[in-house]
Amino acid sequence: MQQNKEVIHHGAGEGVTGSCHEFFMSPERSVLIDCGMFQGPDAFGAGGGAGAGAGAGGGAGQDINFSLDAVQALVLTHCHIDHVGRLPALLAAGFRGPIYCTPGTAALLALVLEDAMKVANYSAAFATTVLKRVQAQLHATPLDVWVEGGADPGPDQGADPGLHPFRMRLRNAGHIMGSAYVEFESLNERDSNGRPRRVVFSGDLGCKGTPLLPDPTPLEYADYLILESTYGDRLHESRASRRFRLKAVIEKAFVDRGAVLIPAFSIGRTQELLYEIEDLIHEDPKWRKMTVILDSPLASAYTKQYRRLKALWDEEARQRLADDRHPLNFERLHVVESHHEHQQIVELLEARGEPAIVIAASGMCSGGRIVNYLKALIGDERTDVVFVGYQAVSTPGRQIQEYGPRGGYVVLDHQRYPIRAQIHTLGGYSAHADQRELLEFLHTTVAPVGNVRLVHGEANAKAALATAIRNANLITGTVM
Ligand SMILES: [Zn+2]
Ligand SMILES: [Zn+2]
């Protein structure tokens, strides 16, 4: 079947992580869409073998174990690690083509790669080389502009022979800052509606109403759509409802003078939370005494970049700026710089008991500065722990979530800590479209979508979404 030959999945075809799809524009020329790292259960048995990236560090299963012979270019949909994490291995394997991404992704990419290479234990020299190469190969491409694929353009024509016989366009995906979905339009093939044939890769699609970010741009049409399905079997809590519950937790902290601990990933969720918290504080003058502590060097670095990228914020966020508010840098926000200061704050909160909101990584409590806060405060019943993201099986986060409400304990650094804190889970900060929004993405096109291939999802999520798409009669072709 032609569909299968046109796109090969080197990651996230099955499973959620390791996104990497190879789109063949002709038998000899292809483009890679994303080159992400496998994480959690996907990392076992992924990749493997003596791949071309072997020896460059990065751990088993993170190699480039496919041929790069046809690959002309790479498009990065956004800079989450499961979409860009294998880029160092790709460069080590010899990839020298252009790397297309939005200016927002370009601004965040170096930070993400630096961190990923540290975690993967690459040498400092290798990391420096990678960052230099990325800089040289990077083509920051604005949203909504076609990048022309020329047959054999001269150097000044601006068209990329690597994309021939297609042209390419990035469109806002509303997932994290800079995120995009990518459209390839054939220069010489028409679909059954007489329009140029289009193949579209959704990347990760965001939710409507995500703080700071404009809503995803509606899909125009697609003859073949490669669609993410992370939450294909779920519906999110509304923004209003989770904001209400967050407010209730902060209210309680005020009354009992306890700390609110929020383990959060550095990029995306942290900035969304800060934005919501600033608004809650702004709303109620009595809360202006609440201290908000951002204690994660990486999250602070991303937050700074998010602030710089305010031209990409949505209208609501820009209106707040115009009203002389600072959604990501408000007065009560304290950014912890040094490890010494981190320790001081932990001790202070433990000794004195003071209403404070602490946002610290890692999101699943398996490392990072949040661990020290938990050790000091999880045994105190005034403490509230608020989870805003998925907690994987066998992480401390999952233990707290599961055993906390039953008066159990959590193991942190090989030691048991009894849980007396209140445990909350707020859905919807995940920044992935839910089933309703995914169906809407298919529904609002100018012509029905042709074939759909579901990726970036667990089997249950895919099956549920496929059934929903079939039942809604949304496409003219098949969904698989
Ligand atoms: Zn993502
Ligand atoms: Zn992803």
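Since the structure is predicted, the reported quantities are computational estimates derived from the model, not experimental observations.

## Points about the coordination of the zinc ion (ligand 1)
Now for step 1: Protein coordination at the zinc ion (ligand 1) comes from His78 (NE2), His80 (ND1), His175 (NE2) and Asp204 (OD), with a distance range of 2.1 to 2.3 Å.
Now for step 2: Metal-centred angles of 91 to 164° between the four donor atoms at the zinc ion (ligand 1) mark the site as irregular.
Now for step 3: For the zinc ion (ligand 1), all donor residues lie on one chain, and their spacing in sequence is H-x1-H-x94-H-x28-D.
Now for step 4: Between the zinc ion (ligand 1) and the zinc ion (ligand 2), the interatomic distance is 3.4 Å, and aspartate 204 donates to each metal, bridging them. Placement of the pair is histidine 78 in the loop between strand 4 (71–75) and helix 2 (81–84) and histidine 175 in the loop between strand 8 (166–172) and strand 9 (180–190), with a sequence separation of 97 residues.
Now for step 5: You can call histidine 78 buried: its relative accessible area is 0%.

## Thoughts on the packing of helix 4 (residues 103–119) against helix 8 (residues 297–308)
Now for step 1: Relative to each other, helix 4 and helix 8 sit at 170°, their axes nearing to 10 Å. Classified by the angle between their axes, helix 4 and helix 8 sit roughly antiparallel to one another. Of helix 8, the residues touching helix 4 (which contributes Ala107, Leu108, Leu111, Val112 and Asp115) are Leu298, Ala301, Tyr302, Gln305 and Tyr306.
Now for step 2: The class makeup of the residues in the contact of helix 4 with helix 8 is eight nonpolar, one polar and one charged.

## Focus on the packing of helix 6 (residues 239–256) against helix 7 (residues 269–283)
Now for step 1: Orientation of helix 6 relative to helix 7, taken along the N-to-C sense of each, is 65°, at an axis distance of 11 Å. At the point where helix 6 passes helix 7, the crossing takes the right-handed sense. Residues Arg239, Arg243, Leu246, Lys247 and Ile250 of helix 6 lie in contact with helix 7, whose contacting residues are Tyr275, Glu276, Ile277, Asp279, Leu280 and Glu283.
Now for step 2: Each residue belonging to the contact of helix 6 with helix 7 can be placed in one class, and the counts come to five nonpolar, no polar and six charged.

## A short note on the sheet that holds strand 6 (residues 138–140)
Now for step 1: Ordered by their spatial adjacency, six strands build an open sheet running 1-2-3-4-5-6, and the pairing between neighbours is mixed. At either margin of the open sheet sits one strand with a lone partner, and together these are strand 1 (7–11) and strand 6. Each adjacent strand pair in this sheet contributes to an overall mean axis angle of 25°, direction not counted.
Now for step 2: Note: strand 2 (residues 20–26) against strand 3 (residues 29–33), five bridges, orientation antiparallel. Residue phenylalanine 23 lies in a different strand from strand 3, and its bridge partner there is valine 31.
Now for step 3: Set on the sheet, helix 4 makes contact with strand 5 (99–101) and strand 6; between it and strand 6 the angle comes to about 140°.
Now for step 4: Those strands touched by helix 5 (residues 124–137) are strand 5 and strand 6, and its axis lies near 50° from that of strand 6.

## Focus: the coordination of the zinc ion (ligand 2)
Now for step 1: Protein-derived ligands of the zinc ion (ligand 2) are Asp82 (OD), His83 (NE2), Asp204 (OD) and His456 (NE2), with the metal-ligand distances lying across 2.1 to 2.3 Å.
Now for step 2: Mapped onto the polypeptide sequence, the residues donating to the zinc ion (ligand 2) form the spacing pattern D-H-x120-D-x251-H.

## Side note on the nonpolar core
Now for step 1: Counting 68 residues, the largest nonpolar core has Leu74, Leu87, Leu90, Leu109, Ile262 and Ile277 as its most contacted members.
Now for step 2: If we skip the residues at most four places from it in the chain, isoleucine 262 touches Leu246, Leu273, Ile277, Ile357, Val358, Ile359, Ala360, Ile370, Val386 and Val388.
Now for step 3: Core analysis: the second largest hydrophobic core is formed by 27 residues, Ile345, Val371, Phe387 and Tyr417 among them.

## Some points on the domain arrangement of the chain
By a frequent convention, interface size equals the accessible area lost on bringing the separate parts together.
Now for step 1: Segmenting the chain into domains produces domain 1 (7–234 + 431–472) and domain 2 (239–429).
Now for step 2: Relative to domain 2, the C-alpha centre of domain 1 lies at a distance of 31 Å.
Now for step 3: Taken together, the contacts link 17 residues of domain 1 with 21 residues of domain 2.
Now for step 4: Both sides together, the interface formed by domain 1 and domain 2 hides about 1800 Å², and carbon and sulfur atoms give 70% of it.

Conventions and cut-offs
- Residues numbered from 1 in each chain as written.
- Chains lettered and ligands numbered in written order.
- Predicted model: local features only at pLDDT ≥ 70, side-chain atom pairs only at ≥ 80, totals over all residues.
- Heavy atoms only, no water.
- Donors = N, O, S within 2.8 Å, 3.2 Å for Na, K, Ca; no water.
- Tetrahedral: all angles 85-135°; square planar, octahedral: opposite > 155°, others 65-115°.
- Helix = DSSP H or I, 4+ residues; strand = E, 2+ residues; numbered from the N terminus.
- Buried < 20%, exposed > 50% of the residue type's maximum accessible area, 1.4 Å probe, protein only.
- Axes fitted to C-alpha atoms, helices over the stretch in contact; angles between N-to-C directions.
- Parallel < 35°, antiparallel > 145°, perpendicular 65-115°, else oblique.
- Contact = heavy atoms within 4.5 Å.
- Nonpolar A, V, L, I, M, F, W, Y, C, P; charged D, E, K, R; others polar.
- Left-handed = near helix turned anticlockwise from the far one by under 90°.
- Pairing = 2+ DSSP bridges.
- Core = buried A, V, L, I, M, F, W, Y, C linked by side-chain atoms within 4.5 Å.
- Domains from an automatic or database assignment.
- Buried area = accessible area lost by both parts, 1.4 Å probe.

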